[in-house]
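Each chain, letter by letter, is given below.
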Amino acid sequence: STESTESTESTESTESTVDEKRGAFELRDLLNNWQMLKACIVDPRQNDARPLPSEEIKDFILRLTDRTEDYHKLGHEDVRNHPLLQDMALPPCGDTAEAMQWMNSLGDD
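Within each chain, residue numbers correspond to sequence positions counted from 1 in written order. Local features in a predicted model are, by the rule used here, given only for residues with pLDDT of at least 70; side-chain atom pairs are given and counted only at 80 or more, and totals for whole chains, interfaces and linings are based on all residues. For side-chain calculations, the full set of non-hydrogen atoms in the structure is used, while hydrogens and water are omitted.

(A) The arrangement of the overall build of the protein in detail. Only DSSP runs of H or I with at least four residues qualify as helices, and only runs of E with at least two residues qualify as strands; both kinds are numbered from the N terminus onward. When helices and strands are tallied, the protein shows five helices and zero strands. Classification of residues uses two cut-offs on accessible area relative to the type maximum, computed with a 1.4 Å probe and protein chains only: under 20% is buried, over 50% is exposed, and between them is partly exposed. Residues counted as buried form 9% of the 109 residues belonging to the protein. Considering only contacts within the protein whose residues lie at least 6 apart along the sequence, 27% involve residues at least 24 apart. Here the protein displays about 9100 Å² of accessible surface, and carbon together with sulfur accounts for 51% of that area. Only heavy atoms enter the contact rule, under which two residues are in contact if any of them lie within 4.5 Å. Surface exposure here means Shrake-Rupley accessible area, sampled with a 1.4 Å probe, where a residue is shielded only by the protein chains that are shown.

(B) Representation of the packing of helix α2 (residues 33-42) against helix α3 (residues 55-65) in the model. Relative to each other, α2 and α3 sit at 165°, their axes nearing to 10 Å. Our classification of the angle between α2 and α3 gives roughly antiparallel. Of the two elements, α2 crosses α3, and the hand of that crossing is left-handed. Across from W34, L37, K38, I41 and V42 in α2, the residues of α3 making contact are K58, I61, L62 and T65. When residue character is reported, Ala, Val, Leu, Ile, Met, Phe, Trp, Tyr, Cys and Pro are called nonpolar, Asp, Glu, Lys and Arg charged, and the others, Gly included, polar. Among the residues making up the contact of α2 with α3, the classes are represented as six nonpolar, one polar and two charged. To get an axis, a line is fitted to the C-alpha atoms, and for a helix only the part in contact is used. The angle between two axes follows their N-to-C directions and goes from 0 to 180 degrees. Angular relationships are summarised with four words: roughly parallel below 35 degrees, roughly antiparallel beyond 145, roughly perpendicular across 65 to 115, and oblique for the angles in between. Whether a crossing is left-handed or right-handed is set by the direction in which the near helix is turned from the far one by less than a right angle, anticlockwise for left-handed and clockwise for right-handed.

(C) Main features of a nonpolar patch on the surface. Side chains of M100, M103 and L106 sit close together on the surface and give an oily, nonpolar patch of about 290 Å² of accessible area. If you trace the backbone, M103 turns up in helix α5 (residues 96-105). Here M103 falls in the partly exposed class, since its relative accessible area comes to 45%. Residues qualify for a patch when their relative accessible area is over 30% and they have no salt bridge, like charges being joined within 9 Å and the nonpolar side chains of Val, Leu, Ile, Met, Phe, Trp and Tyr within 5 Å. A carboxyl oxygen of Asp or Glu within 4 Å of a side-chain nitrogen of Lys or Arg is what we treat as a salt bridge.

(D) Summary view of the side chain of H82. Mapped onto the fold, H82 is located in the loop between α4 (76-81) and α5. Setting aside its immediate chain neighbours within four residues, H82 contacts E56, D59, F60 and R63.

(E) Looking closely at the confidence of the model for the protein. Scored from 0 to 100, pLDDT records how confident the predictor is in each individual residue. On average, residues of the protein score 85 in pLDDT, and 77% of them are at 70 or above. Of all helices and strands in the protein, the one with the weakest mean pLDDT is helix α1 (residues 2-30) (64), whereas α3 scores best (96).

(F) Structural detail: the environment of I41. The residue I41 is located in helix α2 in this model. Sequence-wise, I41 and L62 are 21 residues apart; in three dimensions their C-alpha atoms are separated by 7.9 Å. Residue contacts for I41: discarding those within four places in its chain leaves L52, K58, I61 and L62.

(G) Seen up close, the environment of D66. On the secondary structure map, D66 appears in the loop between α3 and α4. Separated by 28 residues in sequence, D66 and K38 have C-alpha atoms that sit 8.1 Å apart. Excluding anything up to four places from it in sequence, D66 contacts W34 and Y71. N or O atoms closer than or at 3.5 Å make up a polar contact, with two conditions inside protein: a donor-capable atom paired with an acceptor-capable one, and, for residues adjacent in sequence, both atoms drawn from side chains. Within the structure, D66 has its side chain in polar contact with the backbone nitrogen of T68 (distance 2.9 Å).

(H) Up close: unusual backbone geometry. Phi angles above zero are rare outside glycine, and D48 is one such case at about 50°. Of note, D48 is situated in the loop between α2 and α3. Residues other than glycine seldom take positive phi values, yet A89 does so here, at roughly 50°.

Shown next as structure tokens:
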């Protein structure tokens, strides 16, 4: 019975290790998804995708997902200052009360 328990534990441990390795490989494969996304945004018809509704949205998504060697990682202020978000009248950064008020106002339209 002890032998059976040890065998089961060994098998579970091996399966767990295999699952972890498989998960790591699957995750690695996702690292290039930004390239597929870019292709769909830049040439939707050629990539069986729907076009985005504006150049601002295209630019925003492409900047957020760019992973070329020389890409510029967007910071919080970069995102807040993007033209796409300018009409949103975002509350000041770090002001929780203003942020809550702003979020509550979103349903008023």
